[in-house]
Amino acid sequence: MLKHNLGYPRIGIQRELKKYCEFYWSNKIGLKNLLNIGYKIRKKNWVTQENAGLDLIPCNDFSFYDHVLDMSFLLGSIPKSYSLIPMKHDIDLYFSMARGVQKDGWDIKAMEMTKWFNTNYHYIVPEFYKNQKFYILSQKIFNEFEEVSKVIKKIPKPVLIGPVTYLFLGKEKENSFHRMDLIENIVPVYIQIIKKLKDQGATWIQIDEPILVLDLSQKEIEAFQYAYQEISKICSKINILLTSYFDGISENIFLLKNLSIPALHIDVIEDPKQLEIILDFLIDKKTILSLGLIDGRNIWKNNYVHSIKKIEKAIKLLGEKRVMIAPNCSLLHIPIDIGSEHSIPMDIKEKMSFAKQKIYELIDLENIIKGNHSILIKNLNFLEKTQTSFIFHDKKVKERVIKIKDKDIKRKSPFNIRQKKQHQKFNLPLFPTTTIGSFPQTKEIRNLRSKFRKKKLSKEEYEKKIKEFIIDVIRKQEKINLDVLVHGEFERNDMVEFFSEKLKGFISTENGWVQSYGSRCVKPPIIYGDISRISDMTVKWICFAKSKTDKLMKGMLTGPVTILLWSFVRNDQPISTTAYQIAWAIRDEVESLEKSGIKIIQIDEPAIREGLPLKKKDWDTYFNWAIKAFRLSSSGVEDETQIHTHMCYSEFNDILKHIADLDADVITLETSRSRMELLKAFSKFSYPNEIGPGVYDIHSPRIPTVEEIFDLIQKASNRIPIRNIWINPDCGLKTRKWDEVIKSLKNMTESARIARKKLIN
């Protein structure tokens, strides 16, 4: 029974990769230093997994920015605009594709970015052209195989995104073809890669095809059949592990009927019911089955009883040699080592397991199968003990969820009535301008928070400085001439972590970093118990900001679905129950802001799309509780109070109706990277409320021109009633530099001024 892993976190325990990448981008270090830190992280990951006792250890799971972008580079899939840029090193071209270019006369936008299936990881979207040719460009996968072979004695297992999933993840940049038409061009290159890895000494290759868990179109089915009929021709010469995760593949198992794939990995965490179907399908075949038993997306210890039952069932039908065990997906989505946490109470910490610990859980499962039942008994006793602990349960909070009424999830009046009252009250111009919330978090601000957290600064000194930052950002916004201002969020470390630190039932980590995209890392809080609001969380700072300006001040909150999905969630009750608990807490804060005179309140929900189940048959169940949770948080206010929400970096075209069901007065969406592609959906669905389609891509250092922003506004005004359009960036400005922000926002407000003159009859 082989033990293996699908992928390991690549940022380093102290986010070393983030720091060195950003040093490189700002010319503080050279390429040699950057490559060296990458090697050190990879080496430590390989040695950690070998020391844990894994039989197969992944390589090529490391990336300097994004593994999908790595795949584009490997396959020579470089957009035409980037292929012309003179670059000293390939890695500079690579980073330019991710971040954009605006120097030496070049001005090219960053490639589009969106969510990796239903996770909070973002990938760079490949771009495809009709009759596009592919070829081996990058040598990264081959170089890393040589590296790992010198570092460890165990078998390295190169990891590739499969050809069908890779094409699925991209977008056509011409209208006259479907990207799946490129399958015959791309598969021969995959076969070349596989053969070259075999010649280097590889005996196993992991090919990830998470597309198998989706509702496949006929084009995708045909592409998959062609691809793996070709790949299976060389499977007798090397072990291919075909990998799926994030859901089950029962509906698509027929695709493997006539294929000779040596090994198949399935996710029995997200879909345990598929195991019997898959076992029945494989019983007369020679295929090895890899069981994804360890949760690679959450941080709780494994229930060994449940896992052992699955292993024993598989062994009984297939035999021990045809069974492998692994996490259900890459461990990219969880922190690295619980051993780096020193402030978490032991009653909670002993329930937790990070990436390093999850590797050792595989060893425990193997030892239990071999007869060491003391490990199983210890695990069982521990789980039973935590089920009744008062630390995790609050009767009053549970009762509040049970007593939710219909009136709690409905505004007092429909939107058309609210809109008239709000327009009369606020008297804003057409095309009103605002930002999404945060402003640049400079080194000075981060150091200030760090000193306060470490008690090197008194509360009075800390608050005095925060007030200075708030006053400064208000004056900057007034000078830029924004219509609705924000307080800048300088007191906040992260949009979810900030609230989690003020809510009962949450706990934060010291080093629980997870990659979100590129060098952007987040520290998801942990929901360990029932959730409630202890006191006001934002009122003090937002009211202070309001007192310093005559303009409208927007209150900034994070919504219940995003807090839920961007946290590690308890797994001992329905996720909807936890969502409603958070929603009540946010509702209490909304009402407190309203009573304090804040009449525009933004409840951000950037994660609502990523929580969507991968199969459409499960969508209604999700939206039923997700929409209910948002409306519970937002519906306690008067008609004159304007509720905003924000969503970003996901595909929204197919869920606009559900977004409308949130009944927010104003919604802001990411659209600039895709050049307002979302607007196509408005020809099929008339969005009823006000909307701010983002006109400024904040994830790139590039400064948009007045002309291109006006062009986006004009596109929006062709599809959306002018009275309903807001002008805003795609997302918060936290990660940007002040000089970029000031210039970009000035261009944005100037574009809105021009739009008021040219687009209003």
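Notes on the structure follow.

So, how was this worked out
All residue numbers refer to positions counted from 1 along the written sequence of the respective chain. Predicted model: local features are reported for residues with pLDDT of at least 70 only, side-chain atom pairs are reported and counted for 80 or more only, and whole-chain, interface and lining totals are derived from all residues. The basis for the side-chain values is all heavy atoms of the structure; hydrogens and waters are excluded. Lining residues are those with an atom within 4 Å of a point, where the points come from a 1 Å grid over the protein atoms alone and group into cavities, where a 1.4 Å probe fits but cannot get out, or pockets, open sets with protein on both sides within 12 Å along at least five of seven lines. Grid points are joined across faces, edges and corners, and a volume is the space filled by probe spheres set on the points. To qualify as a helix, a DSSP run of H or I must reach at least 4 residues; to qualify as a strand, a run of E must reach at least 2; elements of each kind are numbered from the N terminus. All residues other than Ala, Val, Leu, Ile, Met, Phe, Trp, Tyr, Cys, Pro, Asp, Glu, Lys and Arg, Gly among them, are scored as polar; the first ten of these are nonpolar and the last four charged. Here a polar contact means two N or O atoms within 3.5 Å. Within protein one must be a hydrogen donor candidate and the other an acceptor candidate, and residues neighboring in sequence count only if both atoms are side-chain atoms. The contact definition used throughout considers only heavy atoms, calling two residues in contact when any of these lie within 4.5 Å. For the purposes of this section, nonpolar cores are sets of buried Ala, Val, Leu, Ile, Met, Phe, Trp, Tyr and Cys residues that join through side-chain atoms within 4.5 Å. Whether a residue is buried, partly exposed or exposed follows from its accessible area with a 1.4 Å probe, protein chains only, as a fraction of its type maximum: under 20%, in between, or over 50%, in that order. The pairing criterion is simple: DSSP has to find at least two bridges between the two strands. When the strands point away from the viewer, a crossover counts as right-handed if the path from the first strand over the helix to the second runs clockwise. Expected span of a helix: the number of residues minus one, times 1.5 Å. We define a salt bridge as a contact between a side-chain nitrogen of Lys or Arg and a carboxyl oxygen of Asp or Glu at a distance within 4 Å.

Counting across every chain of the model gives 6 cavities of 30 Å³ or more. Every residue lining the largest cavity is counted, 32 residues in all, and those nearest its centre are Met495, Arg520, Trp566, Cys731 and Gly732. At the level of elements, strand E17 (514-517), strand E18 (520-522) and strand E20 (552-558) are the ones that each hand at least two residues to the lining of the largest cavity. By residue number, the principal contributor to the lining of the largest cavity is E20, which donates 3 residues. Of the residues assigned to the lining of the largest cavity, the class counts are 13 nonpolar, 12 polar and 7 charged. Lining the second largest cavity are 24 residues, and of these Asn60, Asp61, His67, Val159 and Asp208 sit closest to its centre. Residue assignment for the lining of the second largest cavity shows that the elements contributing at least two residues are helix H3 (67-74), helix H6 (140-151) and strand E8 (155-161). Residue composition of the lining of the second largest cavity, grouped by class: 14 nonpolar, 5 polar and 5 charged.

Mapped onto the elements of the fold, Ser438 is located in the loop between helix H16 (415-426) and helix H17 (443-453). There is a polar contact of 3.2 Å between the side chain of Ser438 and the backbone nitrogen of Lys734. With near-sequence residues (within four places) excluded, Ser438 lies in contact with Gly488, Glu489, Gly732, Leu733 and Lys734.

Time to look at the nonpolar core. Core analysis: the largest hydrophobic core is formed by 119 residues, its most contacted members being Trp116, Tyr166 and Tyr228. Ranked by size, the runner-up nonpolar core spans 101 residues in total, among them Ile409, Ile527, Ala664 and Phe710.

A few words now on the environment of Lys743. Tracing the backbone shows Lys743 in helix H26 (residues 738-758). Taking relative accessible area as the criterion, Lys743 reaches 47% and is therefore assigned partly exposed. Sequence separation between Lys743 and Gly555 is 188 residues, and the spatial gap between their C-alpha atoms is 24 Å.

Attention shifts here to the sheet that holds strand E23 (residues 666-669). Spatially, 6 strands are ordered E15-E20-E21-E22-E23-E24 in an open sheet, and the strand pairing comes out parallel. The open sheet is flanked by strand E15 (484-485) and strand E24 (690-693), the only strands paired with a single partner. Pairing of E20 with strand E21 (residues 600-604) involves 5 bridges; the strand directions are parallel. For Thr558, the partnering residue across the bridge sits in E21 and is Asp604.

Moving on: the pairing of E8. Put simply, side chains in a regular strand alternate between the two faces of the sheet. Burial runs high along E8: 6 of the 7 residues are buried. Across 4 bridges, strand E2 (residues 56-59) lies against E8 in parallel orientation. The residue of E8 that forms the bridge with Leu56 is Ile155. Bridge count between E8 and strand E10 (residues 204-208): 3 bridges; the pairing is parallel.

What follows deals with the environment of Asn131. Within the secondary structure layout, Asn131 lies in the loop between strand E7 (127-128) and H6. Through-space distance from the C-alpha of Asn131 to that of Glu184 is 9.9 Å; in sequence the pair is 53 residues apart.

Most of strand E11 (residues 239-243) sits inside the fold, with 4 of its 5 residues counted as buried. Bridge count between E10 and E11: 5 bridges; the pairing is parallel. Pairing of Ile207 across the sheet is with Leu242, part of E11. Between the parallel pair E10 and E11, the chain is carried across by helix H9 (residues 218-231), and the sense of this crossover is right-handed.

Our focus in this paragraph is H6. The terminal C-alpha atoms of H6 lie 16 Å apart, and with 12 residues this matches the ideal 16 Å at 1.5 Å per residue to within 8%. Within the sequence span of H6, burial applies to Lys140, Ile141, Phe142, Glu144, Phe145 and Val148. As for H6, its buried residues are in contact with helix H2 (31-52), E2, H3, E8 and helix H8 (183-200).

One pass over the full model with this rule turns up 50 salt bridges. Residue Lys140 is joined to Asp70 by a salt bridge in which the shortest nitrogen-to-oxygen separation is 3.7 Å. Here Lys140 is found in helix H6, whereas its partner Asp70 is found in helix H3, with 70 residues between them in sequence. Grouping residues by exposure puts Lys140 and Asp70 together as buried. One salt bridge connects Lys140 with Glu144, and the closest N-O pair in it is separated by 3.2 Å. Note that Lys140 and Glu144 are positioned in helix H6 at a spacing of 4 residues, about one turn of the helix. Each member of the pair, Lys140 together with Glu144, is buried. A cluster of three or more residues bridged by salt bridges with shared partners is formed by Arg42, Asp70, Lys140, Glu144 and Glu147.

In short, shape yes, function no, at least from these values alone.
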